[in-house]
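Secondary and tertiary structure notes
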Amino acid sequence: GDSVTQTEGLVTLTEGLPVMLNCTYQTIYSNPFLFWYVQHLNESPRLLLKSFTDNKRTEHQGFHATLHKSSSSFHLQKSSAQLSDSALYYCALSGYGSSGNKLIFGIGTLLSVKP
Amino acid sequence: EAAVTQSPRNKVAVTGGKVTLSCNQTNNHNNMYWYRQDTGHGLRLIHYSYGAGSTEKGDIPDGYKASRPSQENFSLILELATPSQTSVYFCASGGDSSNSDYTFGSGTRLLVI
């Protein structure tokens, strides 16, 4: 079935360093939609960015990600981490076929940015 | 402004008691979802609905029931609450098409003692 893998449970960075959070997926659907959600402490998850176009960079609020269907990846990046980026980040896949349009979430990566 | 509203925000329940978590959306979405969030497990889907009168089992439905009496309302029911159901519960609406995202409610913190 469809699945999303986020390999890092916790990423700790110093402010100003680049951010890269990994996301890979498995799906039988040839045209998947991929999403990144961000959840700050004591808040609910909200959409950060999404994409379905192969090899096209998508940007929002300083973050960017590129869907690579050849490697089934959708890594989240930012050139310079800020303290306010500390949050839980979820990668998600729009399931199709037997899953309908349900979003399938990875287990999340907690990003902690230190001064 | 379109929104997803959950109630209550916090709930303490006794083991064996009945708990009902409520969710209301003004997004006019067909699809609604209930997730629980636990450290190390991320967001796990409990039940979902494609419209009024429909409920479907998600990945972890055991111990939970759901009810969708109208387009706007979707409830999660714990008939016999257990301490293992202590968690943060999120309701969401959206996903009516494959490129559409979800709007989440603010969450309900449930403690079962």
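Note that the structure is predicted; figures quoted are calculated from it, not measured. (Residues numbered from 1 in each chain as written. Chains lettered and ligands numbered in written order. Predicted model: local features only at pLDDT ≥ 70, side-chain atom pairs only at ≥ 80, totals over all residues. Heavy atoms only, no water.)

Quick look at the state of the cysteines
As enumerated under the stated definition, the model contains two disulfides over all chains in all. Sulfur-sulfur distance for the disulfide between Cys-23 of chain A and Cys-91 of chain A comes to 1.9 Å. When the S-S torsion is -60 degrees, as for the bridge of Cys-23 of chain A with Cys-91 of chain A, the disulfide is left-handed. Of the two residues, Cys-23 of chain A is situated in the loop between strand S3 (19-21) and strand S4 (24-26) and Cys-91 of chain A in strand S10 (residues 87-94); the sequence distance between them amounts to 68 residues. You'll find Cys-23 of chain A and Cys-91 of chain A in the same group, each marked buried. Here Cys-23 of chain B is linked by a disulfide to Cys-91 of chain B, with a sulfur-sulfur distance of 1.9 Å. Measuring the twist about the S-S bond at about -80 degrees, one finds the Cys-23 of chain B-Cys-91 of chain B disulfide to be left-handed. Taken together, the residues span a long stretch of sequence, with Cys-23 of chain B in strand S3 (residues 19-25) and Cys-91 of chain B in strand S9 (residues 87-94) at a distance of 68 residues. (Disulfide = S-S within 2.5 Å. Helix = DSSP H or I, 4+ residues; strand = E, 2+ residues; numbered from the N terminus. Buried < 20%, exposed > 50% of the residue type's maximum accessible area, 1.4 Å probe, protein only.)

Focus: the pairing of strand S12 (residues 109-114) of chain A
Each regular strand shows side chains that alternate between the opposite faces of the sheet. All names here are of chain A. Pairing between strand S2 (residues 10-14) and S12: five bridges, direction parallel. By the bridge assignment, Leu-13 is partnered in S12 with Val-113. Across three bridges, S10 lies against S12 in antiparallel orientation. Bridge pairing in S12 links Tyr-89 to Thr-109. (Pairing = 2+ DSSP bridges.)

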